[in-house]
Amino acid sequence: MDLLTTLAGFPNAAPLAGLDRAWTWSLGPVLHFAGAVTADGRRLLQTTQRGRHDVGLARAVLAFARRHEKALTGEGRPLAAVRGFSAAGYDFDAAAATAPEVHGHHRAQNPDLTAITYIVFPCFESEVSGRETLEEAQARYRTMLSPAEIDREAVPFLKMSFDNPRTGGGSTGAARALTYPRMLRQEIPQLEGTPGGFVEWENRAGDVWRMEWDQGWVLSDGGEERRGLGVEEVLGFADGTLRARRPLRDPEEP
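Residues numbered from 1 in each chain as written. Predicted model: local features only at pLDDT ≥ 70, side-chain atom pairs only at ≥ 80, totals over all residues. Heavy atoms only, no water.

Please provide a residue-by-residue account of the packing of helix 7 (residues 181-190) against helix 8 (residues 231-241), values included.
Closest axis-to-axis distance for the helix 7/helix 8 pair is 10 Å, and the angle between their directions is 150 degrees. What the angle tells us is that helix 7 and helix 8 run roughly antiparallel. Here the hand of the crossing between helix 7 and helix 8 comes out right-handed. For the pair helix 7 and helix 8, the contacting residues are Leu184, Arg185, Ile188 and Pro189 in the first and Val231, Val234, Leu235, Ala238 and Asp239 in the second. (Axes fitted to C-alpha atoms, helices over the stretch in contact; angles between N-to-C directions. Helix = DSSP H or I, 4+ residues; strand = E, 2+ residues; numbered from the N terminus. Parallel < 35°, antiparallel > 145°, perpendicular 65-115°, else oblique. Left-handed = near helix turned anticlockwise from the far one by under 90°. Contact = heavy atoms within 4.5 Å.)

Let's hear about the environment of glycine 74: which residues, and what values?
Along the chain, the position of glycine 74 falls in the loop between helix 3 (69-73) and strand 5 (79-83). For glycine 74 and alanine 99, which are 25 residues apart along the polypeptide, the C-alpha to C-alpha distance reads 10.0 Å.

An account of the sheet that holds strand 3 (residues 31-37) is requested, with residue identities and associated values reported.
Read across the sheet, seven strands follow the order 1-2-3-4-7-6-5 without closing on themselves; strand pairing throughout is mixed. Two strands lie at the open edges of the sheet, namely strand 1 (14-15) and strand 5, each paired on one side alone. Bridge count for strand 3 against strand 4 (residues 44-50) is seven bridges, and the pairing is antiparallel. Bridging across to strand 4, alanine 36 finds its partner in leucine 45. Helix 2 (residues 55-67) contacts strand 2 (22-27), strand 3, strand 4, strand 5, strand 6 (94-98) and strand 7 (117-123) of the sheet and is inclined by roughly 155 degrees relative to strand 4. (Pairing = 2+ DSSP bridges.)

Break down the pattern of salt bridges for me, citing the residues and quoting the values.
One pass over the structure, following the stated rule, counts 15 salt bridges. Close ionic contact of arginine 50 with glutamate 149 constitutes a salt bridge, the shortest N to O distance being 2.9 Å. A residue pair is termed long-range when its members are at least 10 positions apart, and arginine 50 in strand 4 and glutamate 149 in the loop between helix 6 (134-144) and strand 8 (159-163) qualify at 99 residues. Measuring nitrogen to oxygen at the nearest pair gives 3.6 Å for the salt bridge that ties arginine 227 to glutamate 225. (Salt bridge = Lys/Arg side-chain N within 4 Å of Asp/Glu carboxyl O.)

See below:
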């Protein structure tokens, strides 16, 4: 497949100014795309924007992805990210890429193109662990992150399990599962006055905490316990854990 010829044949296609071997195209007034060929010419790095369109942001993402394509596409992970991305007017601090089996773009019209396309998008470092399974990567990309929305807010990576004998609420099975930060903030206060209940959560770095009620809040972290915390202090701590930093990839990595 000649990727440049394929890109040039898309609806409303035009060369992307300021980036070689790159094109933009669109489907109506809502969906806007940009794509750049990788250094070896064998794969496509593609961005998607829905609604508000910023070609400068798309160009910046593609340029960053091209500089770090090995880290984003070369290790067989369904979802990968590299920290250090920035663009004027945006709070994004990383860029991510999803493998073909995650995004499924071009599947209906050009399935051969699907297999060599990586969807890249600006993101927040807190959102990607690099340890996502295929199913988790699909859930993050397709449902939780809204990566085509360039004005979106961060949705930090969070896996959680909980059980509350008082409310009858709880997660299914013993394993922690992906969820939204608002669920953590919702379930922790519900533990107050409920011995035997718990909320356990994991951030993108793989750190795990457990909150229980035993005549007061009990926070467990690797066998150590903290007591005497107030509910707002507990919630503030939980929020802080989801912003915990651990390098995704060195921006200088070739």
